[in-house]
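# A closer look at the structure
Below are the chains, spelled out letter by letter.
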There are 2 protein chains.
Amino acid sequence: MRQQKNDPAFASTPAPPYWVVVFSARHSGTDQETYAATAQRMFELAATQDGYLGVESAHGADGFGITVSYWASLEAVAAWRAQAEHREAQRLGRETWYEHFAIRVARVERAYAK
Amino acid sequence: MRQQKNDPAFASTPAPPYWVVVFSARHSGTDQETYAATAQRMFELAATQDGYLGVESAHGADGFGITVSYWASLEAVAAWRAQAEHREAQRLGRETWYEHFAIRVARVERAYAK
């Protein structure tokens, strides 16, 4: 699935199978400045990881957001999860930025687009 | 994974495996009133389908949104996709409401939450 007419909000992913991490979060609203800078840094850092395929993210005004990242393999998902700077961001997220979150790791079997 | 402290934005899903449909869309902004009513109707209708587990959705002010729905089986995903009223909504979405969209069907293998 190619990127949607150069709309940068869409990830450009290969034919399945590949992996998706669905991250749903309720933001606490605490420490927004550090959060925003760290989130930007994590997007940039993720893109340098082996097996990274892309990311899509949407956040509503109510503080609920969904970020989906795409990966070539489960090993790539695990390596990103274990990346040192990302681990520190995860810790701050758990402790400060997110009231609640859910993470689901799934194997993409089918994909289509307009 | 239980619902997050009664936050209704989060889906309450069982232990994996189950299925997720990731729907990413750039809204055209056309015919928003009909879109909003239809989207609400689709959320209600999906919840009555066999194998429905839940849904999470986030939309930014830029018109990009992500909706993830969770299903007990691939058969449940297919049945929802083929549901008559849903098919008509899909047609309107393709023709009118969405500039672009991507749909990915994936098998959830791992899940965790705070």
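Small disclaimer: the values here were computed from a predicted structure and weren't measured.

### Thoughts on helix α1 (residues 32-46) of chain B
With 15 residues, α1 of chain B extends 20 Å between its outermost C-alpha atoms, agreeing within 8% with the 21 Å of an ideal straight helix rising 1.5 Å per residue. Buried-residue contacts for α1 of chain B involve β1 (18-27), β2 (52-59), β3 (64-71), α2 (74-82), α3 (84-97) and β4 (98-113) of chain B.

### Looking at the confidence of the model for chain A
Low pLDDT marks stretches whose predicted atomic positions should not be read closely. Scored by pLDDT, chain A comes out at a mean of 94, with 96% of its residues at no less than 70. Two numbers describe this predicted complex: its pTM, 0.95, and its ipTM, 0.94.

### Digging into unusual backbone geometry
Residues and elements named next belong to chain A. A cis amide bond links P16 to the next residue, P17, at an omega of 10°. Relative to the helices and strands, P17 is located in the segment before β1 (18-27). Backbone geometry places D31, a non-glycine residue, at a positive phi of 60°. Residue classification places D31 among the partly exposed positions, given a relative accessible area of 36%.

### Let's talk about the packing of α1 of chain B against α3 of chain B
All names here are of chain B. Look at α1 against α3: their axes get within 11 Å of each other, and the N-to-C directions meet at 145°. Crossing hand, α1 versus α3: left-handed. Across the interface between the two elements, T34, Y35, T38, R41, M42 and L45 of α1 pack against E85, H86, A89 and W97 of α3. Here the contact of α1 with α3 is built from residues that sort into five nonpolar, three polar and two charged.

### Quick notes on the pairing of strand β2 (residues 52-59) of chain A
All names here are of chain A. Where β2 and strand β3 (residues 64-71) come together, seven bridges link them in antiparallel fashion. Bridged to E56 within β3 is V68. In this antiparallel pair of consecutive strands, β2 and β3, the connection spans four residues, and G63 shows a positive phi of 85°.

### Brief notes about the interface of chain A and chain B
Contacts between the two partners involve 45 residues from chain A and, on the opposite side, 45 residues from chain B. Summing the contributions of chain A and of chain B, the shared interface buries around 3900 Å²; its carbon and sulfur component is 60%. Inspection of the chain A/chain B interface yields four salt bridges. R104 of chain B serves as the salt-bridge partner of E56 of chain A, at 3.5 Å between the closest nitrogen and oxygen. Between chain A and chain B we count 27 residue pairs in polar contact (both at pLDDT 80 or more) in total. Broken down by secondary-structure element, the contributors of at least two residues to the side of chain A that touches chain B are β1, β2, β3, α2 (74-82) and β4 (98-113) of chain A. If you tally residues by element for the side of chain A that touches chain B, the top one is β4 of chain A, at 16 residues. Across the side of chain A that touches chain B, the residue classes break down as 25 nonpolar, eight polar and twelve charged.

About the thresholds
Residues numbered from 1 in each chain as written. Chains lettered and ligands numbered in written order. Predicted model: local features only at pLDDT ≥ 70, side-chain atom pairs only at ≥ 80, totals over all residues. Heavy atoms only, no water. Helix = DSSP H or I, 4+ residues; strand = E, 2+ residues; numbered from the N terminus. Expected span 1.5 Å × (residues − 1). Contact = heavy atoms within 4.5 Å. pLDDT = per-residue confidence, 0-100. Buried < 20%, exposed > 50% of the residue type's maximum accessible area, 1.4 Å probe, protein only. Axes fitted to C-alpha atoms, helices over the stretch in contact; angles between N-to-C directions. Left-handed = near helix turned anticlockwise from the far one by under 90°. Nonpolar A, V, L, I, M, F, W, Y, C, P; charged D, E, K, R; others polar. Pairing = 2+ DSSP bridges. Buried area = accessible area lost by both parts, 1.4 Å probe. Salt bridge = Lys/Arg side-chain N within 4 Å of Asp/Glu carboxyl O. Polar contact = N/O pair within 3.5 Å; in protein donor to acceptor, adjacent residues only side chain to side chain.

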